[in-house]
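So you can see what is in the structure, the chains are spelled out below.
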Amino acid sequence: NAKNFIKASTEKGTKKLADISVGDTFKIADMKFVVLEHLEGKTAVILKDVLYENVKFGNNNNYDGSNVDKLCLKFSEKIATIIGEENLIEHVVDLTATNGMKCYGVVTRKCSLLTSDRVRCYCNILCENSTSKWEWLATPSGTPKWGSDDYATCVSPDGHFGSSYGFYNDPGVRPFCIFDSNIFVS
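In this text the structure is predicted, and so the values were computed from the model without any measurement.

Conventions adopted
- Residues numbered from 1 in each chain as written.
- Predicted model: local features only at pLDDT ≥ 70, side-chain atom pairs only at ≥ 80, totals over all residues.
- Heavy atoms only, no water.
- Helix = DSSP H or I, 4+ residues; strand = E, 2+ residues; numbered from the N terminus.
- Rg over C-alpha atoms; globule rule 2.2 N^0.38 Å.
- Buried < 20%, exposed > 50% of the residue type's maximum accessible area, 1.4 Å probe, protein only.
- Contact = heavy atoms within 4.5 Å.
- Areas by Shrake-Rupley, 256 points an atom, 1.4 Å probe, with all protein chains shown as cover.
- Lys, Arg positive; Asp, Glu negative; His and termini not counted.
- Charge placed at Lys NZ, Arg CZ, Asp CG, Glu CD.
- Polar contact = N/O pair within 3.5 Å; in protein donor to acceptor, adjacent residues only side chain to side chain.
- Salt bridge = Lys/Arg side-chain N within 4 Å of Asp/Glu carboxyl O.
- Pairing = 2+ DSSP bridges.
- pLDDT = per-residue confidence, 0-100.

> What am I meant to see in the overall build of the protein chain here?
Looking only at helices and strands, one finds four helices and 13 strands in the protein chain. Radius of gyration (C-alpha) of the protein chain: 16 Å, near the 16 Å computed for a compact globule of 186 residues. When burial is assessed residue by residue, the protein chain has 49% of its 186 residues classed as buried. Across the protein chain, contacts joining residues at least 24 apart in sequence account for 64% of those joining residues at least 6 apart. For the protein chain, the computed accessible surface area is about 8900 Å², with 48% contributed by carbon and sulfur atoms. Treating the 21 positive side-chain charges of the protein chain as one cloud and the 23 negative ones as another, the clouds have centres 4 Å apart.

Dropping the structure here:
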């Protein structure tokens, strides 16, 4: 449970997440994360590697309730059992399409995919910690109102944006989370 993890981590001489520098990696259990940003008492992180490879995005490009959203929910449940539900912070995921349409609105999640805006915000850190796989983003390429709901946005290992037909099993899932900065990590 979370209390035992924190107690064991303290005894092993690990440090608080707040003490890990932006761009550096840390471990929780057998998972490696990258620090993207320190906020007031919170830290934005991303899994170092793609967790699930060759994943179908969903039946359309709306992240809310999609296959990739469900995989992130599954991951958030796993990480919450390790660090404690209270240490996994909700964040807003803006589902504005690359063409500017806001048909899908925003959702609140404890774990999500990055959006194209967040990729641009963290591009220097992500490039230094890139994977060898394309990754899905929560950002749709268009919406049924203007464009199409068939294509979702993805990002290449070298930071180029693309779009892929959401029914294909191409890119992978790399979860983004915000943790309480006071948890102990190794």
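> I would appreciate a short explanation of the side chain of Glu-135 in the present structure.
On the secondary structure map, Glu-135 appears in strand 9 (residues 135–140). A distance of 3.0 Å separates the side chain of Glu-135 from the side chain of Arg-174, its partner in a polar contact.

> Just to check I follow, could you spell out unusual backbone geometry for this structure?
One can expect most non-glycine residues to show negative phi and most peptide bonds to be in trans. A positive phi angle, close to 55 degrees, is found at Ala-29, a residue other than glycine. The exposure class assigned to Ala-29 is partly exposed, which follows from its relative accessible area of 43%. Residues other than glycine seldom take positive phi values, yet Asn-54 does so here, at roughly 50 degrees. Looking at where Asn-54 falls in the secondary structure, it is placed in the loop between strand 4 (42–47) and helix 2 (67–83).

> Whenever I open this one, the pattern of salt bridges confuses me. Can you help?
Between side chains of opposite charge, a pair can form as their charged atoms come close. Taken as a whole, this structure holds six salt bridges when the rule is applied. One salt bridge in this structure joins Glu-53 and Lys-133, with 3.5 Å as the shortest N-O distance. One end of the pair, Glu-53, is in the loop between strand 4 and helix 2; the other, Lys-133, is in the loop between helix 4 (123–128) and strand 9, and 80 residues separate them in sequence. Overall, the relative accessible area of 33% leaves Lys-133 in the partly exposed class.

> Explanation requested: the pairing of strand 3 (residues 31–38) in the structure shown.
Successive side chains on a regular strand alternate, one facing one side of the sheet and the next facing the other. Direction of pairing for strand 2 (residues 25–28) relative to strand 3: antiparallel, over a ladder of four bridges. Bridged to Phe-26 within strand 3 is Phe-33. Linking strand 2 back to strand 3 in an antiparallel pair, the connection comprises two residues, with Ala-29 at a positive phi of about 55 degrees. In this structure, the hairpin formed by strand 3 and strand 4 is closed by a connection of three residues, where Gly-41 is found at a positive phi of approximately 75 degrees.

> In this structure, what is going on with the environment of Lys-32? I would like to understand it.
Residue position: Lys-32 is located in strand 3. The exposure class assigned to Lys-32 is partly exposed, which follows from its relative accessible area of 40%. C-alpha separation for the pair Lys-32 and Ile-46, spaced 14 residues apart in sequence, amounts to 8.8 Å.

> Please explain the confidence of the model for the protein chain as it appears in this structure.
The predicted coordinates of low-pLDDT regions are not to be read in fine detail. Averaged over all residues, the pLDDT of the protein chain is 90; the fraction at 70 or higher stands at 90%. Contacts for the low-pLDDT stretch residues 6–11, under 50 throughout, to residues beyond four places or in other chains number six contacts.

> I keep staring at the side chain of Arg-174 and nothing clicks. Help me out?
Along the chain, the position of Arg-174 falls in the loop between strand 11 (161–165) and strand 12 (176–180). A relative accessible area of 2% means that Arg-174 is categorised as buried. Of the polar contacts made by the side chain of Arg-174, one reaches the backbone oxygen of Leu-47; its length is 2.7 Å. Other than its neighbours up to four places away in sequence, Arg-174 contacts Ile-46, Leu-47, Lys-48, Asp-49, Val-50, Ser-112, Leu-113, Leu-126, Asn-129, Thr-131 and Glu-135.

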